[in-house]
Amino acid sequence: MSNTHPTLFLGNKNYSSWSLRPWLCLRWAGIAFEETVISLAQEGYGKGEIKDVLAVSPNGRVPALHVGDTVIWDSLAIAEWAAEREPSLWPADLLVRAQARSATCEMHSGFMDLRDQLPMNVQRRCNASGLREGTQRDIKRVLALWDKLCEAHASEDPWLFGQRSIADAFYAPVATRFRTYGIDVTGPGASYTDTIFSDDAFLEWESTPIDERFDFIDQAFA
Ligand SMILES: N[C@@H](CCC(=O)N[C@@H](CS)C(=O)NCC(=O)O)C(=O)O
């Protein structure tokens with residue numbers, strides 16, 4: 001292994017949605033990188049105070065990418081770094097690119113109820129009931145966004161903006177959440193999730209054995 005490659009520090013692959021996003025972007029961009037998974041089941045979790053994480057990331061959160069001596073933290077900043085090296089990670093058209101950024105930012109800064117009540121748990125399958133009003137609202141909004149974008153780009157490749165982009169990496173963990181918790185996805189959204197689930201890079205991530213169980217996540221809706 002070469003030491004000249006960047007290193008991506010990640011959380012546990014079954015659970016860390018923010019880690020999955022830039023990992024997909026780096027794979028899709030064809031950028032060589034090393035990866036190191038840090039257990040998030042440690043003292044300080046939820047407060048940005050896990051010692052092993054603080055040793056590699058200034059805000060105590062993963063993902064963080066080390067490029068030489070430089071640390072890039074936050075999933076979107078890593079994705080943007082990758083796009084500067086491989087511009088095809090964003091749509092070529094200026095206005096489509098602006099829309100792709102809007103969809104990505106909406107995910108990065110929103111959907112708090114969905115994120116809180118339906119945590120990523122890639123390999124689990126169950127049926128969630130008693131979803132909060134805010135979670136239902138978030139699900140509805142995601143599905144409407146997927147349908148509208150897939151319809152608008154129906155004559156192109158089957159991703160949100162035609163060609164695969166950072167926006168797809170940001171919604172991939174949401175697709176796994178819907179699958180995990182038995183959320184009904186129909187219409188264009190259903191074939192969109194199939195596109196994600198058959199992506200080579202996604203399949204590589206998904207096939208990683210669960211390294212550690214997080215009971216508090218596994219027991220949601222049990
Ligand atoms: N906005 C950040 C969120 C990063 C984040 O919250 N990461 C979680 C893992 S998915 C984490 O490191 N949690 C550790 C903690 O909260 O102490 C990003 O986009 O990278």
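Residues numbered from 1 in each chain as written. Predicted model: local features only at pLDDT ≥ 70, side-chain atom pairs only at ≥ 80, totals over all residues. Heavy atoms only, no water.

Q: Got a sec to walk through the sheet that holds strand β3 (residues 64-67)? Specific residues and values, please.
A: Strand order in the open sheet made by the 4 strands is β2-β1-β3-β4, with mixed pairing throughout. What marks the edges here is a single partner per strand, and that holds for β2 (34-37) and β4 (70-73). Adjacent strand axes in the sheet meet at a mean angle of 20°, parallel and antiparallel pairs treated alike. Two elements, β3 and β4, share 4 bridges in a ladder whose sense is antiparallel. From the neighbouring strand, Ala64 faces β4, where its bridge partner is Trp73. Sitting on the sheet, helix α3 (residues 75-85) touches β1 (7-10), β3 and β4, and the angle it makes with β4 is about 120°. (Pairing = 2+ DSSP bridges. Helix = DSSP H or I, 4+ residues; strand = E, 2+ residues; numbered from the N terminus. Axes fitted to C-alpha atoms, helices over the stretch in contact; angles between N-to-C directions. Contact = heavy atoms within 4.5 Å.)

Q: Residue-level account of unusual backbone geometry, with values.
A: Across the junction of Val62 and Pro63, the peptide omega takes the value 10°, indicating a cis bond. The phi dihedral of Asp74 is positive, around 90°, even though this residue is not glycine. With phi around 55°, Phe111 is a residue other than glycine that occupies positive phi space. If you trace the backbone, Phe111 turns up in the loop between α4 (94-109) and α5 (112-117).

Q: Please set out the pairing of β2 residue by residue, giving values where relevant.
A: Of the strand pairs in this sheet, β1 and β2 are connected by 4 bridges, and their pairing is parallel. Across the sheet, Leu10 pairs through a bridge with Val37, a residue of β2. As a crossover connection, the stretch from β1 through helix α1 (residues 17-29) into β2 is right-handed. (Right-handed = clockwise from strand over helix to strand, strands pointing away.)

Q: Tell me about the nonpolar core, residues and numbers included.
A: Grouped together as the largest cluster of nonpolar side chains are 71 residues, with contacts concentrated most on Leu24, Trp146, Leu160, Tyr171 and Phe178. Secondary-structure elements contributing two or more residues to this core are β1, α1, α3, α4, α6 (133-152), α7 (166-180), α8 (188-197) and α9 (200-206). Per-domain counts for this core show at least three residues from each of domain 1 (7-85) and domain 2 (90-206). (Core = buried A, V, L, I, M, F, W, Y, C linked by side-chain atoms within 4.5 Å. Buried < 20%, exposed > 50% of the residue type's maximum accessible area, 1.4 Å probe, protein only. Domains from an automatic or database assignment.)

Q: Report on the packing of aromatic side chains, specifying residues and quantitative values.
A: If you walk through the whole model with that rule in mind, you get 13 aromatic pairs. With a centroid separation of 5.2 Å and 65° between ring planes, the pair formed by Trp23 and Trp205 is classed as edge-to-face. In this pair, Trp23 sits in helix α1 while Trp205 sits in helix α9, placing the two residues 182 residues apart along the sequence. No difference in accessibility class separates Trp23 from Trp205, as the two residues are buried. The rings of Phe111, Trp146, Tyr171, Phe178 and Tyr192 are connected pair by pair, giving a single aromatic cluster. (Phe/Tyr/Trp six-rings, centres within 6.5 Å; stacked < 30°, edge-to-face > 60°.)

Q: Please provide a residue-by-residue account of the packing of α6 against α7, values included.
A: Packing of α6 against α7 brings their axes to within 12 Å, and their N-to-C directions diverge by 120°. Taken as axis vectors, α6 and α7 run oblique relative to one another. For the pair α6 and α7, the sense of crossing is left-handed. Facing Ile139, Val142, Leu143, Leu145 and Trp146 of α6, the residues of α7 in contact are Tyr171, Val174, Ala175 and Phe178. Of the residues assigned to the contact of α6 with α7, the class counts are 9 nonpolar, no polar and no charged. (Parallel < 35°, antiparallel > 145°, perpendicular 65-115°, else oblique. Left-handed = near helix turned anticlockwise from the far one by under 90°. Nonpolar A, V, L, I, M, F, W, Y, C, P; charged D, E, K, R; others polar.)

Q: Break down the site of the ligand for me, citing the residues and quoting the values.
A: Near the ligand you find 14 residues, and of these Gly46, Gly48, Val62, Ser75 and His108 are the closest. Asp74 places a side-chain nitrogen or oxygen 3.2 Å from a nitrogen atom of the ligand. At a separation of 2.6 Å, an oxygen atom of the ligand approaches a polar side-chain atom of Ser75. When the ligand sits alone it has 510 Å² of accessible area, and the protein chains cover 85% of it. (Near = heavy atom within 4 Å. Polar contact = N/O pair within 3.5 Å; in protein donor to acceptor, adjacent residues only side chain to side chain. Areas by Shrake-Rupley, 256 points an atom, 1.4 Å probe, with all protein chains shown as cover.)

Q: Lay out α6 in plain terms, naming residues and giving numbers.
A: Taking 1.5 Å of rise per residue, the 20 residues of α6 would be expected to cover 28 Å, and the 29 Å separating its terminal C-alpha atoms lies within 8% of that figure. Where α6 is buried, its residues meet α4, α5, α7 and α8. (Expected span 1.5 Å × (residues − 1).)

Q: Hey, could you go over the side chain of Thr180 for me, with residue numbers and the actual values?
A: Along the chain, the position of Thr180 falls in helix α7. Classification of Thr180 by relative accessible area gives buried; the value is 0%. Apart from the residues lying within four places of it in its own chain, the contact partners of Thr180 are Asn121, Val122, Arg124, Arg125 and Cys126.

Any functional reading would require information that these geometric values do not contain.
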